[in-house]
Amino acid sequence: MKCTGNELFLDQCPHGDWEQHNCDHMEDAGVSCSPYTDGVVRLVGGDTPWEGRVEVFHNGDWGTVCDDHWRQQHAEVVCRQLGYRGHAEVIAEGMFGEGTGLILLDDVQCEGSETSLLDCRHGIWGRTDCSHSEDVGIRCRGRSSQETNEVPVIAPSTGPLVRLMGGSSRKEGRVEVYLHGDWGSICDSGWNDLNAAVVCRQLGHSGGAVAAGGFGQGKGPIHLDQVRCTGKEEFLGECPSLGLNIQGCRRREDAGVRCDVAPREAAVKSKPREESCGLRKLVEVEGKPGNQGKGNMLRTTWPWQVSVWLQSQEGADGPLCSGTLVSPCWVLTSASCLSRFGSNPSIYVVQVGASEQTLKPEQVVVHRKFKGQSGGHDLAMLKLPSAKGHCVTFEPNTNAACLPAEDSAAGAKTASSCVVMVATSWTGPGL
């Protein structure tokens with residue numbers, strides 16, 4: 001098995017042929033689905049994520065560590081295990097409060113080069129002559145870094161573990177990192193496509209990457225804020241950070257990404273010419289007799305305007321209502337206009353744009369929440385006839401009104417808006 005860790009199912013991992021192996025049952029693989037394994041450490045009781053009382057996980061329980069013989073080299077090992085590098089110090093007793101429950105480790109002896117607290121020599125698990133007043137606490141960042149413009153590094157070059165949660169596939173989701181013994185999210189303050197590119201690269205994706213939201217709120221802590229990647233890093237841990245900003249993340253805006261997306265520039269270039277919406281033609285009309293001195297006038301055409309008629313009364317008393325062409329195949333109109341006669345498309349005809357082209361719709365779609373004019377949601381769509389997927393050809397007299405682009409609101413704080421005026425009755429002349 002050669003999994004990257006990003007697959008949704010085991011059979012998505014590269015593997016040998018089914019039932020072809022040279023193993024016996026003494027080599028059966030096993031897993032634990034808990035992220036907590038023996039020796040995981042966390043910091044508790046501090047004002048920031050990088051300081052607190054040291055607690056270690058063993059045999060299904062969290063417990064504290066006695067501070068006997070603790071020096072800077074011990075703090076360096078724990079800070080390194082938690083993903084920090086640089087400053088490390090042991091804090092005076094009682095600064096982060098007393099723990100409860102088990103005291104799991106005593107007589108810990110580290111040289112300072114170990115990568116995990118379990119690599120240090122220590123006494124028997126759970127055997128100690130200490131009380132909780134001797135619980136050890138450490139700090140992994142100096143106070144000076146909070147008072148200057150220095151940007152500390154959040155993790156060593158390999159970085160913390162990263163995963164995507166809440167998406168519809170393994171290529172998108174809320175970004176979560178594993179620090180201090182917990183999976184936690186990242187505040188989206190300052191989050192951008194450069195950060196997304198690094199996350200996607202670390203997860204093994206090679207296509208385009210964009211910052212995104214809408215993947216829900218994480219259940220764990222917010223580990224990071226103001227992450228600043230250049231986009232060239234291999235791991236998120238190589239990117240600097242300004243640290244956790246509780247004030248800026250009070251609304252729990254968790255950062256997310258989408259990986260292996262098509263470049264936005266390519267998407268723009270691939271749009272068909274007929275999607276050049278919102279263009280209208282000005283027609284010069286000669287001045288009428290009696291308007292001396294006014295010369296020629298400009299008449300504006302509205303190529304996205306549509307009138308809806310009953311087929312049996314076309315050209316008689318006038319149309320039922322107006323509508324707006326919003327794409328080559330769809331017209332937006334009023335549901336109350338159509339509700340009087342039903343949703344059978346064969347009884348309607350539409351006159352499209354200033355060209356006065358007349359078409360018979362293929363489909364009528366009424367908003368599912370429409371309950372009558374007083375109930376709101378007074379919207380309906382008419383599907384125009386198509387030949388091999390092509391409906392209306394745009395030209396100066398026939399064009400669509402502009403709607404927000406599909407990807408314009410993907411990373412926006414507020415959704416784009418569009419206002420379309422629809423007349424539900426007609427008392428004037430035809431289009």
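As a starting point, this report considers the structure included with it. (Residues numbered from 1 in each chain as written. Predicted model: local features only at pLDDT ≥ 70, side-chain atom pairs only at ≥ 80, totals over all residues. Heavy atoms only, no water.)

1. Side note on the overall build of the protein
Link 1 in the chain: Per the secondary structure count, the protein includes five helices and 21 strands.
Link 2 in the chain: Here the protein, with 431 residues, has 39% of them falling under the buried criterion.
Link 3 in the chain: Counting contacts in the protein only where the partners sit at least 6 residues apart, residues at least 24 apart contribute 65% of the total.
Link 4 in the chain: Total accessible area computed for the protein in this model is approximately 24600 Å², and 49% of it derives from carbon and sulfur atoms. (Helix = DSSP H or I, 4+ residues; strand = E, 2+ residues; numbered from the N terminus. Buried < 20%, exposed > 50% of the residue type's maximum accessible area, 1.4 Å probe, protein only. Contact = heavy atoms within 4.5 Å. Areas by Shrake-Rupley, 256 points an atom, 1.4 Å probe, with all protein chains shown as cover.)

2. Quick word on the nonpolar core
Link 1 in the chain: Ranked by size, the top nonpolar core spans 26 residues in total, and within it V308, L325, L338, Y348, V350, L382 and L384 carry the most contacts.
Link 2 in the chain: The contact partners of V350, leaving out residues within four places of it in the chain, are V306, S307, V308, Q357, T358, L359, L382 and L384.
Link 3 in the chain: With 23 residues, the next largest nonpolar core counts V41, V54, V77 and I138 among its residues. (Core = buried A, V, L, I, M, F, W, Y, C linked by side-chain atoms within 4.5 Å.)

3. Quick look at the packing of aromatic side chains
Two numbers describe a pair of aromatic rings. These are the distance of the centres and the angle of the planes.
Link 1 in the chain: Using the criterion set out here, one finds two aromatic pairs in the structure.
Link 2 in the chain: Look at F57 and W62: their rings are 5.2 Å apart centre to centre, the planes differ by 65°, and that puts the pair in the edge-to-face class. Side by side, F57 and W62 carry an identical accessibility label, which is buried.
Link 3 in the chain: Relative to W183, the ring of Y178 lies with its centre 5.2 Å away and its plane at 50°, an arrangement referred to as tilted. Accessibility classification places Y178 together with W183 in one group, the buried group.
Link 4 in the chain: Above the plane of the ring of W62 lies R42, whose end atom (NZ or CZ) is 4.0 Å from the centre.
Link 5 in the chain: Just above the ring of W183 sits the side chain of R163; from NZ or CZ to the centre is 4.2 Å. (Phe/Tyr/Trp six-rings, centres within 6.5 Å; stacked < 30°, edge-to-face > 60°. Lys NZ or Arg CZ within 6 Å of the ring centre and 35° of its normal.)

4. Some remarks on empty space enclosed by the protein
The gaps of empty space that remain are located by a probe, the size of a water molecule, rolled over the atoms.
Link 1 in the chain: Taken as a whole, this structure holds two cavities of 30 Å³ or more when the rule is applied.
Link 2 in the chain: Taken as a whole, the second largest cavity holds about 40 Å³ of empty space.
Link 3 in the chain: In this structure, the second largest cavity is lined by R53, I91, A92, E93, G94, M95, F96, G97, D135, V136 and G137. (1 Å grid on protein atoms, 1.4 Å probe; cavity = no way out; pocket = protein on both sides within 12 Å on 5 of 7 lines; lining within 4 Å. Points joined across faces, edges and corners; volume = space filled by probe spheres on them.)

5. Things to note about unusual backbone geometry
Link 1 in the chain: The backbone phi angle of D107 is positive, close to 55°, even though this residue is not glycine.
Link 2 in the chain: Mapped onto the fold, D107 is located in the loop between β5 (102–105) and β6 (137–139).
Link 3 in the chain: In this structure, Q226 takes a positive phi of about 55° despite not being glycine.

6. Remarks on the pattern of salt bridges
Link 1 in the chain: Here the structure, examined in full by the defined rule, presents eight salt bridges.
Link 2 in the chain: For E51, the salt bridge is made with R139, and the minimal N-O distance between the two is 2.6 Å. You can see E51 sitting in strand β2 (residues 51–58) and its partner R139 sitting in strand β6, a full 88 residues away along the chain. The pair formed by E51 and R139 is uniform in burial state, with each residue classed as buried. (Salt bridge = Lys/Arg side-chain N within 4 Å of Asp/Glu carboxyl O.)

7. Remarks on the sheet that holds strand β18 (residues 348–352)
Link 1 in the chain: On the basis of which strands lie adjacent, the open sheet formed by seven strands has the order β19-β18-β15-β16-β17-β21-β20 and antiparallel pairing. At either end of the open sheet lies a strand with only one pairing partner, and these are β19 (357–359) and β20 (363–366). Direction aside, the axes of adjacent strands within the sheet are offset by 30° on average.
Link 2 in the chain: Bridge analysis of β18 against β19 gives three bridges, and the strand direction is antiparallel. By the bridge assignment, V350 is partnered in β19 with L359. (Pairing = 2+ DSSP bridges. Axes fitted to C-alpha atoms, helices over the stretch in contact; angles between N-to-C directions.)

8. Side note on the state of the cysteines
Link 1 in the chain: All told, the structure shown has eight disulfides when counted by the stated rule.
Link 2 in the chain: Through a disulfide, C66 is tied to C130; the S-S separation comes to 1.8 Å. What sets the handedness of the C66 and C130 disulfide is the S-S torsion sign, and at about -60° it is left-handed. With a gap of 64 residues between them, C66 in the loop between β3 (61–65) and α1 (72–81) and C130 in the loop between β5 and β6 connect regions that are remote in the sequence. The two residues C66 and C130 agree in class, both being buried.
Link 3 in the chain: Linked covalently through their sulfurs, C229 and C239 form a disulfide whose S-S length is 2.0 Å. Given an S-S torsion of about 105°, the disulfide between C229 and C239 has right-handed geometry. With a gap of 10 residues between them, C229 in the loop between β11 (222–224) and β12 (256–261) and C239 in the loop between β11 and β12 connect regions that are remote in the sequence.
Link 4 in the chain: The exposure class of C229 is buried, given its relative accessible area of 7%. (Disulfide = S-S within 2.5 Å.)

9. A closer look at the pairing of strand β15 (residues 305–310)
Link 1 in the chain: Across the six residues of β15, five count as buried, placing the element largely inside the fold.
Link 2 in the chain: Sheet analysis places β15 next to strand β16 (residues 321–325), joined by four bridges and oriented antiparallel. Across the sheet, V306 pairs through a bridge with G323, a residue of β16.
Link 3 in the chain: As paired elements, β15 and β18 share five bridges and run antiparallel to each other.

10. Focus on the side chain of S327
Link 1 in the chain: Among the structural elements, S327 can be located in the loop between β16 and β17 (330–333).
Link 2 in the chain: S327 sits in the buried class, given a relative accessible area of 19%.
Link 3 in the chain: Separated by 3.2 Å, the side chain of S327 and the backbone nitrogen of W330 make a polar contact.
Link 4 in the chain: S327 has contacts with F394 and A400, leaving out every residue within four places of it along the chain. (Polar contact = N/O pair within 3.5 Å; in protein donor to acceptor, adjacent residues only side chain to side chain.)

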